[in-house]
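Spelled out, the chains give:
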Number of protein chains: 2
Amino acid sequence: MKVLIIEDDALHRSYLHEAVRSALPECDAVMESENGRLGEIDARKLRAEFVVMDLQMNDRNGIEAARTIWRERPDTKILFWSNYSDEAYVRGVSRIVPGGATYGYVLKSTSDERLKLALRSVFLESQCVIDREVRGIQQKGMGAGHGLSDAEYEILVDVALGLTDKTIASRKKLSLRTVQNRLQQLYEKLDVYQEAGDDESRYNLRTRAVAVALMRRVLNASAVERAERDLQDDADC
Amino acid sequence: MKVLIIEDDALHRSYLHEAVRSALPECDAVMESENGRLGEIDARKLRAEFVVMDLQMNDRNGIEAARTIWRERPDTKILFWSNYSDEAYVRGVSRIVPGGATYGYVLKSTSDERLKLALRSVFLESQCVIDREVRGIQQKGMGAGHGLSDAEYEILVDVALGLTDKTIASRKKLSLRTVQNRLQQLYEKLDVYQEAGDDESRYNLRTRAVAVALMRRVLNASAVERAERDLQDDADC
DNA sequence: GCTTGTCCTGCGGGAACCCGCAGATCGCTG
DNA sequence: CAGCGATCTGCGGGTTCCCGCAGGACAAGC
């Protein structure tokens with residue numbers, strides 16, 4: 001049994017190494033990659049079946065790396081180990097996990113015990129382990145709370161990229177008015193409105209929405225980057 | 001001599017503790033706070049003269065914490081120890097450092113030696129130590145490169161907050177047209193334009209600009225949050 | 001003095017936005 | 001089937017944005 005660690009912080013990497021060693025004595029090789037790009041290459045080269053990785057990495061995002069790894073071997077078991085439970089990350093992960101794949105999502109703030117438990121559960125028993133807090137974010141996304149639906153999230157991303165209503169409409173094969181309708185749903189969900197009062201302190205709803213999304217951690221820079229890359233790919237086709 | 005460590009990651013905190021101990025044997029007490037908010041309180045309580053802190057923290061940003069610490073004791077010596085050299089952070093720091101204060105900015109990726117050297121230089125010899133890479137970002141901001149001037153940065157932040165041209169004008173006591181002029185400078189600097197070609201893939205310049213700024217790390221979520229808080233304060237007055 | 005450059009300001013028009021109103025489609029339920 | 005709700009679509013308007021053109025204020029340099 002071989003385990004691949006993808007993590008760009010040296011301290012965390014060695015900590016993970018130690019945790020894997022002690023949690024999985026049946027593991028006979030622990031490899032390390034120090035960013036997402038190298039992680040993809042190493043995973044391919046080693047035919048890794050067991051991966052534990054960070055999400056926020058400089059060179060190449062954990063989500064992107066996981067996506068290509070899963071594309072090549074959908075049965076790879078991946079344990080995400082992240083600092084944050086931002087909705088953007090949680091949503092990003094659940095967006096790329098292939099059907100039936102087993103994975104885990106634990107926060108770096110959890111105890112040694114839980115990390116080791118998660119390692120064993122995910123890798124040996126093919127059980128999905130999601131931290132309580134992360135679970136909460138997931139729920140909020142689906143439930144009737146002020147979370148965003150998929151349609152709303154998609155339009156949020158397009159708007160955050162700086163696209164025009166018309167452009168979004170033609171990309172999504174929708175009418176212009178429909179796009180604007182969804183935008184208004186979005187504004188409502190994000191609690192963004194014209195500050196009806198005087199001539200002071202009005203908002204540009206469109207940019208205000210992305211500001212609020214950023215502050216609520218619904219969106220983050222890497223989500224925008226991923227979308228940008230998808231956009232470029234579309235354009236090339 | 002007492003040193004206060006403000007860092008929310010347990011691993012990094014203990015690593016820093018060790019580094020301080022070995023770099024500064026004359027230091028007789030090392031305290032730790034595990035986020036920005038507690039850091040402010042502890043610094044006040046302990047009358048800390050020497051602080052080493054992270055920038056990216058969950059509860060309260062390193063920049064905000066440093067601002068209040070420096071406001072209370074401008075001669076505090078602070079060494080920032082950060083993962084990133086995002087322009088948003090670098091600019092944020094240099095925006096709050098009081099005249100004549102000594103501080104340092106080193107990246108977490110630098111070696112033990114350099115970290116210890118920085119600790120001694122900043123704390124004992126009152127010398128400012130800025131990592132080479134960070135220095136590079138600073139230069140780019142000032143120099144004739146495609147970095148942003150202060151005026152452009154300010155308007156970028158206001159736009160990112162979602163304010164209207166008119167609102168910005170009245171807040172900044174400028175004419176509407178002037179604000180729009182600056183916006184156009186900004187668009188040029190960020191290389192944002194209408195994609196003149198067809199009817200496809202046009203941009204909404206305003207939101208496109210914040211997207212590009214996010215991707216170039218000129219802006220980040222915490223910069224937006226800080227601006228938002230300032231905005232609310234203004235409104236209250 | 002004149003010129004040159006940089007910054008601020010006003011005007012005007014075309015485009016994009018925000019949004020209310022109304023009709024059309026589709027799925028669901030009694 | 002009739003009725004209801006949710007979603008998509010078109011139209012029209014008021015507002016805001018993007019930007020070219022043109023003038024005025026001020027400093028620096030020939």
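The text that follows walks through the structure, step by step, so that each part is easy to find.

**Here we look at the protein's contact with DNA strand C**
Neighbouring residues of DNA strand C: 18 residues in total, closest R177 of chain A together with S175, T178, N181 and R182 of chain B. Take the atoms of DNA strand C that sit within 4 Å of the protein: sugar and phosphate atoms are 67% of them. In the environment of DNA strand C, a base oxygen lies 2.6 Å from a nitrogen or oxygen atom belonging to the side chain of R177 of chain A. Between R182 of chain B and DNA strand C, the recorded distance is 2.7 Å, taken from a side-chain N or O atom to a phosphate oxygen. The biggest single contributor to the surface near DNA strand C is helix α9 (residues 176-189) of chain A, with five residues. Broken down by class, the residue content of the surface near DNA strand C amounts to four nonpolar, seven polar and seven charged.

**Section: the relation of the copies chain A and chain B**
With an RMSD of 0.1 Å, the operation that places chain A on chain B is a rotation of 180° combined with a shift of 0.0 Å along the axis. What we have between these two chains is a two-fold relation. Among all C-alpha atoms of chain A, that of T207 of chain A lies closest to the rotation axis, at 2.8 Å. When the interface residues of chain A are mapped onto chain B, 100% of them again fall at the interface, so both copies present the same face.

**Here's the deal with the nonpolar core**
Counting residues in hydrophobic clusters, the biggest one holds 65 residues, and the most contacted among them are L156 and L219 of chain A together with L156, L219 and V224 of chain B. By residue number, the principal contributor to this core is helix α10 (residues 205-215) of chain A, which donates eight residues. Here L219 of chain A is in contact with A88, Y153, L156, V157, A160, A213, L214 and V224 of chain A, once residues within four sequence places are set aside.

**What about the pairing of strand β1 (residues 2-6) of chain B?**
Residues and elements named next belong to chain B. Burial analysis of β1 places four of its five residues in the buried class, which makes it a mostly covered element. Pairing between β1 and strand β2 (residues 29-33): five bridges, direction parallel. Residue I5 lies in a different strand from β2, and its bridge partner there is E32. Handedness of the crossover joining β1 and β2 through helix α1 (residues 10-23) is recorded here as right-handed.

**As for the pairing of strand β4 (residues 77-82) of chain A**
Residues and elements named next belong to chain A. Where burial is concerned, most of β4 is hidden: six out of the six residues are buried. Of the two faces of β4, the one holding K77, L79 and W81 and the one holding I78, F80 and S82 are both buried throughout. For the crossover from strand β3 (residues 50-53) across helix α3 (residues 62-72) to β4, the handedness is right-handed. As judged from the five bridges shared by β4 and strand β5 (residues 103-107), these two strands associate in the parallel manner. Looking across to β5, one finds that I78 is bridged to Y103. Following the backbone out of β4, through helix α4 (residues 87-96) and into the adjacent parallel β5, one traces a crossover that is right-handed.

Quick notes on the rules
Each chain carries its own residue numbering, running from 1 in the written order of its sequence. All chains are assigned letters beginning with A, and all ligands numbers beginning with 1, in the order in which they are written. For this predicted model, a pLDDT threshold of at least 70 governs which residues receive local features, and a threshold of 80 or more governs which side-chain atom pairs are given and counted, while totals over whole chains, interfaces and linings are taken from all residues. Processing note: side-chain calculations cover all non-hydrogen atoms of the structure and skip hydrogens and water entirely. Near is defined per residue: the residue qualifies when any heavy atom it owns lies within 4 Å of the molecule or strand. Two N or O atoms count as a polar contact when they lie within 3.5 Å, although within protein this holds only if one can serve as hydrogen donor and the other as acceptor, and sequence-adjacent residues are included solely when both atoms are side-chain atoms. What counts as a helix is a DSSP run of H or I of at least four residues, what counts as a strand is a run of E of at least two, and both are numbered from the N terminus. Just so you know the grouping, Ala, Val, Leu, Ile, Met, Phe, Trp, Tyr, Cys and Pro go in nonpolar, Asp, Glu, Lys and Arg go in charged, and all remaining residues, Gly too, go in polar. The copies were overlaid with a least-squares fit restricted to C-alpha atoms from residues scoring a pLDDT of at least 70 in each copy. The contact rule is simple, with two residues in contact once any of their heavy atoms fall within 4.5 Å. Only buried residues count toward a nonpolar core, which is a set of Ala, Val, Leu, Ile, Met, Phe, Trp, Tyr and Cys residues joined through side-chain atoms within 4.5 Å. Here the term buried applies to any residue with accessible area under 20% of the maximum for its type, exposed to any over 50%, and partly exposed to those in between, with areas from a 1.4 Å probe on protein chains only. DSSP bridges decide pairing: two strands pair if at least two such bridges lie between them. Clockwise travel from the first strand over the helix to the second, with the strands pointing away from the viewer, marks a crossover as right-handed.

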